[in-house]
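Descriptive structure summary
In case you want the letters, here they are:
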Amino acid sequence: MIGRAYERFTLFLGPERLRALFLLIASTGLRSLILNVIVNDFEWVRPAQTLLVLVALIGAAIIIGGRLDNQERARWIAILAPAIGLIVLGVVVIPQFSLVLFGGALGWVVAGLILFRPRTPSGYQKAVKALKKGDLELAVQEMDQVIKDDPDDPNHYRFRAELLRLWGKLDRARRDYVKMSELEADYAVGYNGLAEVDLQSGNYTRALESAKKAAELAPDEWVALYNLGMIEDRLGKSPDVIAHLDKALALKVPDARHRLLIHLYLLRAYARSGGVEAAQTQ
């Protein structure tokens, strides 16, 4: 479960922001460890270490917050800004009350999570209800209204695209994935959707372009590499299939069905290339 949560987080954040977050935490953590050597020699060391923690928290909030939509970003600002303000007061202004202020900061975060709970648009609930009844047309109509009210949220287009694919309206689903990719050009999910819908339509050349873009944006995500290898299998690009699907397996594919399919595609790629022994292994 932890592995899947981490996988979703890395896919959400993207490789560049994930790298920036790692560097931020590593650099501030290293500085704090270095200060531990002289922690008992100077009074300013403890506040300096606390400030490093604060810098790490603010930096992480900026990096992660940049991936959120406006509404979700405003929600987290309302939760975290007062808490960070209390921590700053406790470190810089009135350190004698730091424990009380740190407790207040933690208390506000807990209260803020309750007070500012995200509200799912009612259109989603209606769409899911229609989906359960098998009325895909009504489900799509409900999402049409959600998108009309909030046209800048890529998640709305993604959900409607999935409904359209189930309904068999692949051209309309593709338009939603294109819009999603325009709204979040550095996010692999939209391009993965484009690759999948073009594959479903039988347009392998166009699917390959989108899959390559998704793999470029998320080089350490097995889903993007799996989609790319699957499309390359259709096009008979055996060396590329082997390279990308071997890398996908190395990233620990959690789902047994997908692992089975990967071995099947690898078997075919090795067999096409004349690698009988490797094919037998698969």
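This write-up is about the structure you can find in this document. Note that this is a predicted model, so its numbers are computed, not measured.

Rules behind the numbers
Residues numbered from 1 in each chain as written. Predicted model: local features only at pLDDT ≥ 70, side-chain atom pairs only at ≥ 80, totals over all residues. Heavy atoms only, no water. Helix = DSSP H or I, 4+ residues; strand = E, 2+ residues; numbered from the N terminus. Rg over C-alpha atoms; globule rule 2.2 N^0.38 Å. Buried < 20%, exposed > 50% of the residue type's maximum accessible area, 1.4 Å probe, protein only. Contact = heavy atoms within 4.5 Å. Areas by Shrake-Rupley, 256 points an atom, 1.4 Å probe, with all protein chains shown as cover. Lys, Arg positive; Asp, Glu negative; His and termini not counted. Charge placed at Lys NZ, Arg CZ, Asp CG, Glu CD. Phe/Tyr/Trp six-rings, centres within 6.5 Å; stacked < 30°, edge-to-face > 60°. Salt bridge = Lys/Arg side-chain N within 4 Å of Asp/Glu carboxyl O. Core = buried A, V, L, I, M, F, W, Y, C linked by side-chain atoms within 4.5 Å. Expected span 1.5 Å × (residues − 1). Arc of directions from axis to C-beta.

Here we take up the overall build of the protein chain. Broken down by element type, the protein chain carries 15 helices and 0 strands. For 282 residues, the compact-globule formula gives about 19 Å, and the C-alpha radius of gyration of the protein chain, at 24 Å, lies well above that figure. In terms of overall dimensions, the protein chain has a C-alpha envelope of 70 × 50 × 30 Å along the principal axes. Burial statistics for the protein chain: of 282 residues in total, 37% are counted as buried. Long-range pairs, those at least 24 residues apart, make up 52% of the contacts in the protein chain with a sequence separation of at least 6. Only carbon and sulfur atoms are counted for the fraction: they give 61% of the accessible area of the protein chain, which is about 16400 Å². Between the centroid of the 35 positive side chains of the protein chain and the centroid of its 32 negative side chains there is a distance of 3 Å.

Moving on, we get to unusual backbone geometry. Although it is not a glycine, Lys252 adopts a positive phi angle of roughly 65 degrees. Mapped onto the elements of the fold, Lys252 is located in the loop between α13 (238-250) and α14 (256-273). By relative accessible area, Lys252 is classed as exposed at 66%.

Now for the packing of aromatic side chains. In this structure the tally under the stated criterion is 3 aromatic pairs. The interplanar angle of 65 degrees and the centroid separation of 6.1 Å between the aromatic rings of Trp222 and Tyr226 together place this pair among those described as edge-to-face. Of the two residues, Trp222 and Tyr226 both sit in helix α12 (residues 222-234), 4 residues apart, roughly one turn of that helix. For Trp222, a relative accessible area of 8% corresponds to the buried category.

Okay, the side chain of Ser210 next. In this fold, Ser210 is placed in helix α11 (residues 204-217). Look at Ser210 and you get buried, because its relative accessible area is 8%. If we ignore the near neighbours within four places in the chain, the residues touching Ser210 are Tyr191, Leu194, Ala195 and Asp198.

What follows covers the pattern of salt bridges. In total, this model carries 9 salt bridges according to the counting rule given. Between Arg160 and Asp176 there is a salt bridge, with the nearest N and O atoms lying 2.7 Å from each other. Placement of the pair is Arg160 in helix α8 (residues 154-167) and Asp176 in helix α9 (residues 170-183), with a sequence separation of 16 residues. The residues Arg160 and Asp176 share a single accessibility class, namely buried. Its salt-bridge partner being Asp198, residue Arg206 comes within 3.1 Å of it at the nearest N-O pair. It is possible to trace a salt-bridge network through shared partners that takes in Asp233, Arg234, Arg268 and Arg272.

Right, let's get into the side chain of Ser32. The residue Ser32 is located in helix α2 (residues 15-35) in this model. Residue Ser32 is classed as buried on the basis of its relative accessible area, which comes to 18%. Residues contacting Ser32, with those up to four places away along its chain left out, are Gln49 and Leu52.

A few words now on the nonpolar core. In terms of nonpolar packing, the biggest core is built from 50 residues, with Ile231 and Ile262 touching the most fellow members. Dropping the residues within four chain positions of it, Ile231 is found in contact with Ala195, Leu199, Tyr204, Ala207, Leu208 and Ala211.

Attention shifts here to the environment of His263. Along the chain, His263 turns up in helix α14. His263 sits 21 residues away from Ile242 along the chain, and the two C-alpha atoms are 9.9 Å apart. Non-local contacts of His263, meaning those with residues more than four positions away in its chain, are made with Leu249 and Gln282.

In this section: the environment of Leu80. By secondary structure assignment, the location of Leu80 is in helix α4 (residues 70-93). As for Leu80 and Ala243, which are separated by 163 residues in sequence, their C-alpha atoms are 44 Å apart.

All right, on to α9 then. The periodicity of an α-helix, 3.6 residues per turn, causes residues three or four places apart in sequence to face the same way. Taking 1.5 Å as the rise per residue, α9 with 14 residues should run 20 Å; its terminal C-alpha atoms sit 20 Å apart, in good agreement. Burial in α9 covers these residues: Leu170, Ala173, Arg174, Asp176, Tyr177, Met180 and Ser181. All buried residues of α9 project into a common sector of 160 degrees when viewed along the axis, lining one side. In this structure, α9 carries Asp171, Arg175 and Glu182 as exposed residues pointing more than 90 degrees from its buried face. Next to the buried residues of α9 lie α8, α10 (188-201) and α11.

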